[in-house]
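Summary of the model geometry
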Amino acid sequence: MVQKAKILLVDDRPENLLALEAILSALDQTLVRASSGEEALKALLTDDFAVILLDVQMPGMDGFETAAHIKRRERTRDIPIIFLTAINHGPHHTFRGYAAGAVDYISKPFDPWVLRAKVSVFVELYMKNVQLREQASLLRRQLENGSGAGQTVPEGTESEEGAEPPGLLAELSARLAAVEEQAEALSKQLGDSAESATIATAAHLERKITGLRRALDALEPGTGGSASAQVPSQN
């Protein structure tokens, strides 16, 4: 069963949260409400989110201050933030949103189709990252098992020292190939018209996939790889 991504909705007005839920319900993901910046930061302490929709004007801690706290935390600094605002004070106000770490800045009233499309891109990127981390974890466990002491080779079987079971390597390679194919399709979908922050996130994902593929290829028989091959960091 594929785990759903979580989307954090932050707005002090219940009617706005209800409207966001109505727009994003078609994505079939888990929508989490927060009625203040403080409540949003509390939710971020325990859960992982694919994207945050953050209202700019809120009493107490506003959207800019909330975003600053999010970006200062190592756990949450890479979560994409989409600012939503009912006011427009010109380029300076928009620049402040991007400077606070937002990947997008949308003025109300917004087009529901556009907002849903933007959010869906970040959900897809998040799910690809989750898949990639799972592949890296599986490969890392296999490397650790393969380098363990006291392993025996079945009688009548010849194997190079440190060689990995071909069945598991084939399964890992097939899973990674599926992720590679989906990531390539997503990159084509983004095209040249996507925001620079979105393109940078996709490029970061592609680099991690490439690093994992190299580590996996190094384990293939005849390549000179061994169980000491390094698995790329997934941070």
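Here's a quick rundown of the structure. (Residues numbered from 1 in each chain as written. Predicted model: local features only at pLDDT ≥ 70, side-chain atom pairs only at ≥ 80, totals over all residues. Heavy atoms only, no water.)

**Quick word on the sheet that holds strand E2 (residues 30-34)**
- Spatially, E2-E1-E3-E4-E5 is the arrangement adopted by the five strands of the open sheet, whose pairing is parallel. Two strands lie at the open edges of the sheet, namely E2 and strand E5 (104-107), each paired on one side alone. The sheet shows a mean angle of 20 degrees between the axes of neighbouring strands, direction not considered.
- For strand E4 (residues 81-85) and E5, the ladder comprises four bridges, and the chain directions are parallel. When the bridges of E5 are listed, Ile82 appears paired with Asp104.
- In this fold helix H1 (residues 14-24) packs onto strand E1 (6-10), E2, strand E3 (51-55) and E4, with an angle of close to 170 degrees to the strand it touches most, E2. (Pairing = 2+ DSSP bridges. Helix = DSSP H or I, 4+ residues; strand = E, 2+ residues; numbered from the N terminus. Axes fitted to C-alpha atoms, helices over the stretch in contact; angles between N-to-C directions. Contact = heavy atoms within 4.5 Å.)

**Comments concerning the pattern of salt bridges**
- A complete count under the given rule lists eight salt bridges for this structure.
- Here Lys4 makes a salt bridge to Asp28, at a shortest N to O gap of 3.0 Å. With Lys4 in the segment before E1 and Asp28 in the loop between H1 and E2, the pair connects residues that are 24 residues apart, well separated along the chain.
- Its relative accessible area of 40% is what places Lys4 among the partly exposed residues.
- In this structure, the salt-bridge partner of Arg75 is Asp48, at a minimum N-O distance of 3.1 Å. One end of the pair, Arg75, is in the loop between helix H3 (63-72) and E4; the other, Asp48, is in the loop between helix H2 (37-46) and E3, and 27 residues separate them in sequence.
- Of the residues examined, Asp48 reaches a relative accessible area of 43% and is grouped as partly exposed. (Salt bridge = Lys/Arg side-chain N within 4 Å of Asp/Glu carboxyl O. Buried < 20%, exposed > 50% of the residue type's maximum accessible area, 1.4 Å probe, protein only.)

**Notes on the nonpolar core**
- Judged by nonpolar contacts, the single largest core of 36 residues is most densely connected at Ile7, Leu24, Leu53, Ile82, Leu115 and Val119.
- Contributions of two or more residues to this core are made by E1, H1, E3, E4, helix H5 (112-146), helix H6 (166-190) and helix H7 (196-217).
- Other than its neighbours up to four places away in sequence, Ile7 contacts Leu24, Leu27, Gln29, Thr30, Leu31, Val32, Phe49, Val51, Leu53, Val119 and Val123.
- By size, the runner-up hydrophobic cluster in this structure holds 23 residues, among which are Val10, Phe49, Met61 and Ala100. (Core = buried A, V, L, I, M, F, W, Y, C linked by side-chain atoms within 4.5 Å.)

**Quick notes on the environment of Leu205**
- Checked against the element boundaries, Leu205 lands in helix H7.
- Ignoring anything within four residues of it in the chain, the contact list for Leu205 reads Leu125, Lys128, Asn129 and Leu132.

**Here we look at the packing of aromatic side chains**
- In total, this model carries two aromatic pairs according to the counting rule given.
- Seen from their ring centres, Phe64 and Phe83 are 5.4 Å apart, and the 70 degrees between their planes marks the pair as edge-to-face. Separated by 19 residues along the polypeptide, Phe64 in helix H3 and Phe83 in strand E4 bring together distant segments of the chain.
- For Phe64, a relative accessible area of 6% corresponds to the buried category.
- Ring centres of Phe83 and Tyr105 lie 6.1 Å apart, and the angle between their planes is 70 degrees; this geometry places the pair in the edge-to-face category. Of the two residues, Phe83 sits in strand E4 while Tyr105 sits in strand E5, which places them 22 residues apart along the sequence. (Phe/Tyr/Trp six-rings, centres within 6.5 Å; stacked < 30°, edge-to-face > 60°.)

Function cannot be inferred from these measures alone, as they are strictly geometric.
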